[in-house]
Amino acid sequence: MNIAGSVVFVTGANRGIGLAFAKLALAKGASKVYAGVRNVEGFNASGIIPVQIDVTDEASVAAAAKLCQDTNVLINNAGIGIVQDGVLASNMIELSRHLMDTNTFGIVRTGQAFAPILAANGGGAVINVLSDVTWFSLPTIAAYAASKAAAWSVTNALRLELRAQQTHVLAVHVGFVDTDLTQGFDVPKIEAHEVARAAYEGLEEGALEVLVDEGTQFIKTTLSQTEAFYFNPPQFA
Ligand SMILES: NC(=O)c1ccc[n+]([C@@H]2O[C@H](COP(=O)([O-])OP(=O)(O)OC[C@H]3O[C@@H](n4cnc5c(N)ncnc54)[C@H](OP(=O)(O)O)[C@@H]3O)[C@@H](O)[C@H]2O)c1
């Protein structure tokens, strides 16, 4: 499906990859772009409509959906990442709950609220912004990686569930992107607009999955190999 003419709702759209998704949607000719943001005050991007949404709050998600009944492309981008001491650190379970509440259950909440709207508008699409850490982890990002691996699993189930209503579900996996989330990581990073561009191209081609950068493409190819990437990933955090 095409972004041109679509009504797009992006979560976490006030900065980083989400803002890039919102701006590119407008540039590609979307008929309306909703920026789902936690704080509408101070959001000022010409032509983009800010809508309050906190993906950890069911009532907030429901209120946003009620306001945006014409949405036919939902982009689940909102996410958080936290560096931790290790898997066995005392805060691992609490931290995992916190990260999953946003990164995994956030997708479920928006799906519950927006799926009927997408159906009413002809099916449309859901784009879920996932990560290369779907397919590897480190002790220092264990909770984040677990939340993204779980989000991938949820995405795969959602794709099957929404097929009946003709909603296309696209998973977008990407490595390091130059945003606030990766501040302090001294590694090569791609630009946020490259993620949005690759995702929209994938959607337009009918792809089920987009692996944005070469690193992510490589990691996935090693999954069935004896020397799979996840056995010895480099330490970056
Ligand atoms: N940067 C990377 O290298 C990278 C790589 C792979 C995947 N990703 C994924 O890409 C997505 C966007 O990340 P980013 O790099 O653009 O990060 P970012 O610059 O830190 O932006 C995160 C966005 O998510 C929003 N957000 C966080 N919690 C939210 C909640 N409960 N409800 C609604 N919005 C919430 C933030 O809003 P506030 O401004 O209110 O905090 C912000 O707009 C995330 O899902 C992340 O996991 C990023």
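Just above, that's the structure.
Calculation notes
- Residues numbered from 1 in each chain as written.
- Predicted model: local features only at pLDDT ≥ 70, side-chain atom pairs only at ≥ 80, totals over all residues.
- Heavy atoms only, no water.
- Pairing = 2+ DSSP bridges.
- Helix = DSSP H or I, 4+ residues; strand = E, 2+ residues; numbered from the N terminus.
- Axes fitted to C-alpha atoms, helices over the stretch in contact; angles between N-to-C directions.
- Contact = heavy atoms within 4.5 Å.
- Buried < 20%, exposed > 50% of the residue type's maximum accessible area, 1.4 Å probe, protein only.
- Near = heavy atom within 4 Å.
- Polar contact = N/O pair within 3.5 Å; in protein donor to acceptor, adjacent residues only side chain to side chain.
- Areas by Shrake-Rupley, 256 points an atom, 1.4 Å probe, with all protein chains shown as cover.
- Expected span 1.5 Å × (residues − 1).
- Phe/Tyr/Trp six-rings, centres within 6.5 Å; stacked < 30°, edge-to-face > 60°.

Spatial ordering of the open sheet is given by β3-β2-β1-β4-β5-β6-β7, a layout of seven strands whose pairing is parallel. Every interior strand has two partners, whereas the edge strands, β3 (49-52) and β7 (209-211), have only one. For this sheet, the mean angle separating the axes of adjacent strands, direction not counted, is 20 degrees. In terms of strand pairing, strand β1 (residues 7-11) meets strand β4 (residues 73-76) through three bridges, oriented parallel. Within β4, the position partnered with valine 8 by the bridge is valine 73. With respect to the sheet, helix α1 (residues 16-27) is in contact with β1, β2 (32-37), β4 and β5 (125-129), its orientation differing from that of β1 by roughly 170 degrees.

To continue, consider the side chain of arginine 109. Mapped onto the fold, arginine 109 is located in helix α4 (residues 105-120). Taking the relative accessible area as the measure of exposure, arginine 109 reaches 16% and is therefore buried. Ignoring anything within four residues of it in the chain, the contact list for arginine 109 reads Val55, Thr56, Asp57, Glu58, Val61 and Asp101.

Here we take up the site of the ligand. Taken together, 28 residues form the shell around the ligand, and within it Asn14, Arg15, Arg38, Tyr144 and Thr179 come nearest. Between the ligand and glycine 12 there is a distance of 3.2 Å, counted from an oxygen atom to a backbone nitrogen or oxygen. Separating an oxygen atom of the ligand from a backbone N or O atom of glycine 175 is a distance of 3.4 Å. Protein contacts shield 94% of the accessible area of the ligand, which totals 890 Å² for the unbound molecule. Put simply, the parts of the chain that give the shell around the ligand at least two residues each are α1 and α5 (142-163).

Attention now moves to α1. With twelve residues, α1 extends 17 Å from end C-alpha to end C-alpha; this agrees with the ideal 16 Å at 1.5 Å per step. Those residues of α1 that sit buried are Ile17, Gly18, Leu19, Ala20, Phe21, Ala22 and Ala25. Along its buried surface, α1 packs onto β1, β2, β4, β5 and α6 (192-205). The positive-phi residue at the C-terminal boundary of α1 is glycine 29, with phi of around 100 degrees.

Take the packing of aromatic side chains next. What the rule picks out here adds up to ten aromatic pairs. Seen from their ring centres, phenylalanine 21 and tyrosine 200 are 5.4 Å apart, and the 85 degrees between their planes marks the pair as edge-to-face. With phenylalanine 21 in helix α1 and tyrosine 200 in helix α6, this pair connects stretches of sequence that are 179 residues apart. What makes phenylalanine 21 buried here is its relative accessible area of 0%. Residue tyrosine 200 is classed as buried on the basis of its relative accessible area of 0%. Seen from their ring centres, phenylalanine 218 and phenylalanine 229 are 6.4 Å apart, and the 90 degrees between their planes marks the pair as edge-to-face. In this pair, phenylalanine 218 is assigned in helix α7 (residues 214-221) and phenylalanine 229 in the segment after α7, connecting sequence segments eleven residues apart. Its relative accessible area of 49% is what places phenylalanine 218 among the partly exposed residues. On the basis of relative accessibility, which here comes to 19%, the residue phenylalanine 229 falls in the buried class. One aromatic cluster is present, formed by Phe9, Tyr34 and Phe114 through successive ring pairs.

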